[in-house]
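Now for the letters of each chain:
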Amino acid sequence: MKRIIDDMKFKLIELFAKSFQNFKEDFTTSGTNTKNHSFILFFSNFLLSFLILILRKPDSILNAQLWAEDGQIFLRDEWVTGFPDTIFFLYAGYIHLVPRFIAFFANLFPYELIPLVFNLSAILISAISVSIFSLTKFRYILRSDFLRTIVIVLLCCSPVGIESINNITNVHFFLSLGVFLLAIIGGELNGFSYLLITVYVFLGIFSAPLAICYAPLFLIRPFLCKFDRKRWVYLVLFLIGLGYGILMFYLGSRDSVVGIDWNYFVNLIHIEKLIRLIVATYFMNTNSVEFITYHKYFWILELVLLYFYCKKFKMQGVQTSILLGSFLITVLIPVLLRGGLSLNAEQATYTTLVNGAKESFYFLNVINLMINRYGLVPYFMFCILTFVLLFDKNKIQTTVHLPILVVVVFLFVIRNSIFIKPYEDLKWDQYADKVKNKTDVSIPVNPIWFPKIEIKKESWK
């Protein structure tokens, strides 16, 4: 028996060593000598993404309206205090560098164009963020340029949260994806690439709290790319991300972790149920009995993906492990910070009265969380991970049958959410004179129940 166990240990160590060696070779040589092709891919995917985001919600351009914090927080603070002082105004416990700068930039335009500038900026940032995956330096993850383009299209068609796209308030979810991708980008980088990456990551880290969770991935390049003299840039980005993450936690985000039932995580089956629940929200209408009836069968999908994960471990185990780990982070962090695994007083009382299961309320909380904007980044990771697991990275060309099948499945997922209902027209133009004259203003923003932009005459800067 001892000999069998020793043999198994040896084979596992050998498997991990081979997987890491393949990862190192793929990572360091990815996208070599494809500079022009990579630029063409990125630019074409950027235009495609930009178009899709506009077509999903054309009123964001044709009849631009501000959404929630766009007006009541970012624009109001710009009108009252102004950039760069607003950078240090914490909201929800963290800095919002990108929204604050865009509010400053938009305020340079005539009043009537401010919502349009906000929305165009959000679409621009979102399109850039998802298009990063089209670069040939990601061939070590998914070899086919065509399949990476399909993934980008599916990312733009995310089925979660009607408020998730084309507004500055929620653009940090796209920034989080971009930071993750740039953290794991393979191949050689020139000085200009490092400059662009540094600027993007810096903006992302100081605008997207979830992006900070990916800081450890910035250690991959300094560790693997010994030939690269500029790899120290990634070490600096890691230190910035780690330092700011710790600071942000103590500045306020830790206060939002309310009453978590940490014992829930002791049982690994609970984590499996949590993952299955979140994946199921992509496929079913969560307002129907269908969800309650069928989500338990999604363990079959888990087994299928686990089979491909194990099958590809020798050739691509590190890549898929990074993607899987990042998916788990994007699932658990929002659930914890937003109390998805805690019960409020009313729920706890009701559970006691009916002698019900806490798990039912946990599931309800998680569903409500993940079908809105907090499910956006998990969906991004789920898309990328699924394609990487199902397709062979060593083949540029692949048979059309499986890609068609996978695309059909994802089209089923996004079938009811491709086109987003227009926001209510709140007649933004009619407040122009009051803003120009800096008098008392009370400007409504979408959603209609959200606090208005309230400014007294004496408060204007």
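Definitions and cut-offs
- Residues numbered from 1 in each chain as written.
- Predicted model: local features only at pLDDT ≥ 70, side-chain atom pairs only at ≥ 80, totals over all residues.
- Heavy atoms only, no water.
- Helix = DSSP H or I, 4+ residues; strand = E, 2+ residues; numbered from the N terminus.
- Rg over C-alpha atoms; globule rule 2.2 N^0.38 Å.
- Buried < 20%, exposed > 50% of the residue type's maximum accessible area, 1.4 Å probe, protein only.
- Contact = heavy atoms within 4.5 Å.
- Areas by Shrake-Rupley, 256 points an atom, 1.4 Å probe, with all protein chains shown as cover.
- Salt bridge = Lys/Arg side-chain N within 4 Å of Asp/Glu carboxyl O.
- Expected span 1.5 Å × (residues − 1).
- Polar contact = N/O pair within 3.5 Å; in protein donor to acceptor, adjacent residues only side chain to side chain.
- Axes fitted to C-alpha atoms, helices over the stretch in contact; angles between N-to-C directions.
- Parallel < 35°, antiparallel > 145°, perpendicular 65-115°, else oblique.
- Left-handed = near helix turned anticlockwise from the far one by under 90°.
- Nonpolar A, V, L, I, M, F, W, Y, C, P; charged D, E, K, R; others polar.

An unreviewed UniProt entry annotates the protein chain as DUF2029 domain-containing protein of Leptospira limi.

Draft legend 1. Representation of the overall build of the protein chain in the model. What the protein chain contains, in helices and strands, is 20 helices and two strands. The C-alpha atoms of the protein chain give 23 Å as radius of gyration, which agrees with the globular expectation for 461 residues (23 Å, within 12%). Its C-alpha atoms give the protein chain principal-axis dimensions of about 85 × 65 × 45 Å. Classification of the 461 residues of the protein chain by burial places 53% in the buried group. The long-range share in the protein chain, meaning contacts at least 24 apart out of those at least 6 apart in sequence, stands at 76%. For the protein chain, the computed accessible surface area is about 22300 Å², with 67% contributed by carbon and sulfur atoms.

Draft legend 2. Up close: the pattern of salt bridges. Evaluation of the coordinates by the stated rule reveals nine salt bridges. Aspartate 77 is the salt-bridge partner of arginine 100, the closest N and O atoms lying 2.7 Å from each other. With arginine 100 in helix 5 (residues 97–106) and aspartate 77 in helix 4 (residues 69–80), this pair connects stretches of sequence that are 23 residues apart. Taken individually, arginine 100 and aspartate 77 each receive the classification buried, so the pair is uniform in this respect. A salt bridge links lysine 427 to aspartate 425, with the shortest nitrogen-to-oxygen separation between them at 3.5 Å. Classification of lysine 427 by relative accessible area gives partly exposed; the value is 48%.

Draft legend 3. Region of interest: helix 7 (residues 145–156). Over its twelve residues, helix 7 extends 17 Å from the first C-alpha to the last, a length consistent with the 16 Å expected when each residue adds 1.5 Å. Among the twelve residues of helix 7, nine are classified as buried, and the element is accordingly described as predominantly covered. Along helix 7, the residues that are buried comprise Asp145, Leu147, Arg148, Ile150, Val151, Ile152, Leu154, Leu155 and Cys156. One side-chain oxygen of the residue at the start of helix 7 lies 3.3 Å from the amide nitrogen of phenylalanine 146, identifying that residue as serine 144.

Draft legend 4. Representation of the packing of helix 12 (residues 268–283) against helix 17 (residues 358–370) within the structure. Put simply, helix 12 and helix 17 touch, their axes get as near as 10 Å, and they point 40° apart. By the angle between their axes, helix 12 is oblique relative to helix 17. The handedness of the crossing between helix 12 and helix 17 is right-handed. Two secondary-structure elements touch here, helix 12 through His270, Lys273, Leu274, Leu277, Ile278 and Thr281 and helix 17 through Glu359, Phe363, Val366, Ile367 and Met370. When the residues that make up the contact of helix 12 with helix 17 are grouped by side-chain class, the tally is seven nonpolar, two polar and two charged.

Draft legend 5. Main features of unusual backbone geometry. Residue phenylalanine 83 is joined to proline 84 through a cis peptide bond whose omega torsion reads 10°. Within the fold, proline 84 resides in the loop between helix 4 and helix 5. Here the residue pair asparagine 446 and proline 447 is connected by a cis peptide bond, since its omega of -10° sits within 30 degrees of zero. Residue placement: proline 447 occurs in the loop between strand 1 (441–443) and strand 2 (453–455). Look at alanine 68: it is not a glycine, yet its phi comes out positive at around 50°. Counting through the fold element by element, alanine 68 comes out in the loop between helix 3 (59–62) and helix 4. Although it is not a glycine, lysine 438 sits at a positive phi angle of roughly 55°. Relative to the assigned elements, lysine 438 resides in the loop between helix 20 (432–436) and strand 1. We classify lysine 438 as partly exposed; its relative accessible area is 38%.

Draft legend 6. Structural view of the packing of helix 14 (residues 299–311) against helix 18 (residues 376–390). Axis separation between helix 14 and helix 18 bottoms out at 8 Å; the angle between their running directions is 55°. Considered as vectors, helix 14 and helix 18 are oriented oblique to each other. Classified by chirality, the crossing of helix 18 by helix 14 is left-handed. In this structure, helix 14 contributes Leu301, Leu305, Phe308 and Tyr309 to the contact, and helix 18 contributes Phe382, Leu389 and Leu390. Grouping the constituent residues of the contact of helix 14 with helix 18 by class yields seven nonpolar, no polar and no charged.

Draft legend 7. Seen up close, the environment of glycine 243. In this structure, glycine 243 sits in helix 11 (residues 232–251). In sequence terms glycine 243 and isoleucine 212 are 31 residues apart; their C-alpha atoms lie 9.4 Å from each other.

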